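Observations on chain architecture
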Amino acid sequence: MTQSAPGPRVPDEELLRQHVDGDPDAFGELVKRHQDRMWAVALRTLGDPHDAADALQDALINAFRRAGSFRSESAVTTWLHRIVVNACLDRVRHAAARPADPVAFDGTEIPGVAPATEPSSDPAERTALRVDLEQALATLPADQRLPLLLVDVEGFPVAEAAEMLGLPVGTVKSRCARARAKLVPLLAPGRLSATGNATGNHGGGGDVPSGTPQGTGGEHR
């Protein structure tokens, strides 16, 4: 007996409309489609799994309640991620001052920021590389780290990342460029071990994005 082929995938916008119209399962299906990526953004932004889980929960509750306000000018996934980003930034703003503890990367997720060495099959070497990257990412202020994560790690187009962050495209591009420029020298062989504590070089990772550009340079606004 042959099984019938699955039906066509319901578009995200249609699922959101069904949720607004009272379908009890539509929002859950929408979350299942995008929860892995939203979780990754929350975790990599906040660094702590408990904070990330709380922020994601807050964001999903907010999205559930505000679904009726969605307008089709942007994709549903962009709308969802913007709510997640805002929930994370709210937690950054209200958190007690403490060093960031970013998620480990192996250096392959950030185009343009090559690891100091080629990925190794030696677990000890790969662990050392991840530690270097953790330390390097922790030096970035939040207003540079988050655009870099959205564009270079999660792979969102710059225009979508700009919409999520509520920033002009030029601002996102310049913040990513400055973040990459800061990471490259820190990932040079022996750089972090030689300096001991790189986080003191760039003002820490707990800074909150504001309307005033940090640092110098021609950031477009």
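If you look the protein up in an unreviewed UniProt entry, it shows as RNA polymerase sigma factor SigM from Jiangella anatolica. Turning to the protein, the UniProt record has this under Sequence similarities (unreviewed entry): "Belongs to the sigma-70 factor family. ECF subfamily."

**Some points on the pattern of salt bridges**
Under the criterion given, the structure shown has 10 salt bridges. Between Arg33 and Glu29 there is a salt bridge whose closest N-O contact spans 3.7 Å. Of this pair, Arg33 and Glu29 are both found in helix 2 (residues 26–46), four residues apart, which corresponds to roughly one turn of the helix. Owing to a relative accessible area of 31%, Glu29 belongs among the partly exposed residues under this scheme. For Arg93, the salt bridge is made with Asp90, and the minimal N-O distance between the two is 3.2 Å.

**Considerations on the nonpolar core**
By size, the foremost hydrophobic cluster in this structure holds 26 residues, and its most contacted members are Leu16, Trp79, Leu80 and Val84. Those elements that place two or more of their residues in this core are helix 1 (12–20), helix 2, helix 3 (49–66) and helix 4 (76–94). In contact with Trp79, not counting residues within four places along its chain, are Leu16, Ala63, Arg66, Ala67, Phe70 and Ser74. In terms of nonpolar packing, the next biggest core, distinct from the first, is built from 14 residues, Leu146, Phe156, Leu165 and Val172 among them.

**A short note on the packing of helix 6 (residues 142–153) against helix 7 (residues 158–165)**
Packing of helix 6 against helix 7 leaves a shortest axis separation of 9 Å and a crossing angle of 140°. By the criterion of interaxial angle, the relationship of helix 6 to helix 7 is oblique. Judged by the twist between their axes, the crossing of helix 6 over helix 7 is right-handed. Across the interface between the two elements, Leu146, Pro147, Leu150 and Val151 from helix 6 touch Val158, Ala161, Met164 and Leu165 from helix 7. In terms of residue class, the contact of helix 6 with helix 7 is built from eight nonpolar, no polar and no charged.

**Some details on helix 2**
A rise of 1.5 Å per residue sets the reference length of helix 2, with its 21 residues, at 30 Å; its end C-alpha atoms lie 28 Å apart and thus fit the reference within 8%. At His34, helix 2 shows its largest kink, close to 55°. Backbone geometry just downstream of helix 2 places Gly47 in the positive-phi region, at approximately 80°.

**Concerning the packing of helix 3 against helix 4**
Axis separation between helix 3 and helix 4 bottoms out at 8 Å; the angle between their running directions is 130°. Classified by the angle their axes make, helix 3 and helix 4 are oblique. Helix 3 and helix 4 meet at a crossing whose hand is right-handed. Mapping the contact onto sequence places Asp51, Asp54, Ala55, Leu56, Asp58, Ala59, Asn62, Ala63 and Arg66 in helix 3 and Trp79, Leu80, Ile83, Val84, Ala87, Cys88 and Arg91 in helix 4. Classifying every residue of the contact of helix 3 with helix 4 gives 10 nonpolar, one polar and five charged.

**Overview of helix 1**
Buried within helix 1 are the following residues: Asp12, Leu15, Leu16 and His19. Axial view of helix 1: buried residues confined to an arc of 100°, hence all on one face. Where helix 1 is buried, its residues contact helix 2, helix 3 and helix 4. Among the residues trailing helix 1, Gly22 stands out with phi positive, at a value near 110°.

**Topic: the environment of Leu148**
Its location among the elements puts Leu148 in helix 6. C-alpha of Leu148 to C-alpha of Lys173: the two residues are 25 residues apart in sequence and 9.0 Å apart in space.

**Quick notes on the packing of aromatic side chains**
Here the structure, examined in full by the defined rule, presents two aromatic pairs. Summarising the aromatic geometry, the rings of Phe27 and Phe64 are spaced 5.3 Å apart at their centres and angled 90° between planes, so their arrangement reads as edge-to-face. Within this pair, whereas Phe27 is found in helix 2, its partner Phe64 is found in helix 3, the two being separated by 37 residues in sequence. Since its relative accessible area comes to 8%, Phe27 is described here as buried. Note on Phe64: relative accessible area 45%, which makes it partly exposed. A ring pair is formed by Phe70 and Trp79, whose centres lie 5.5 Å apart and whose planes are at 70°; its orientation type is edge-to-face. With a relative accessible area of 11%, Trp79 lands in the buried category. Here the basic side chain of Arg37 rests over the ring of Phe156, its NZ or CZ set 3.8 Å away from the ring centre.

How each quantity is defined
- Residues numbered from 1 in each chain as written.
- Predicted model: local features only at pLDDT ≥ 70, side-chain atom pairs only at ≥ 80, totals over all residues.
- Heavy atoms only, no water.
- UniProt positions renumbered as here; feature names shortened; annotations may be inferred.
- Salt bridge = Lys/Arg side-chain N within 4 Å of Asp/Glu carboxyl O.
- Helix = DSSP H or I, 4+ residues; strand = E, 2+ residues; numbered from the N terminus.
- Buried < 20%, exposed > 50% of the residue type's maximum accessible area, 1.4 Å probe, protein only.
- Core = buried A, V, L, I, M, F, W, Y, C linked by side-chain atoms within 4.5 Å.
- Contact = heavy atoms within 4.5 Å.
- Axes fitted to C-alpha atoms, helices over the stretch in contact; angles between N-to-C directions.
- Parallel < 35°, antiparallel > 145°, perpendicular 65-115°, else oblique.
- Left-handed = near helix turned anticlockwise from the far one by under 90°.
- Nonpolar A, V, L, I, M, F, W, Y, C, P; charged D, E, K, R; others polar.
- Expected span 1.5 Å × (residues − 1).
- Bend = angle between axes of the 7 residues up to and from the residue.
- Arc of directions from axis to C-beta.
- Phe/Tyr/Trp six-rings, centres within 6.5 Å; stacked < 30°, edge-to-face > 60°.
- Lys NZ or Arg CZ within 6 Å of the ring centre and 35° of its normal.

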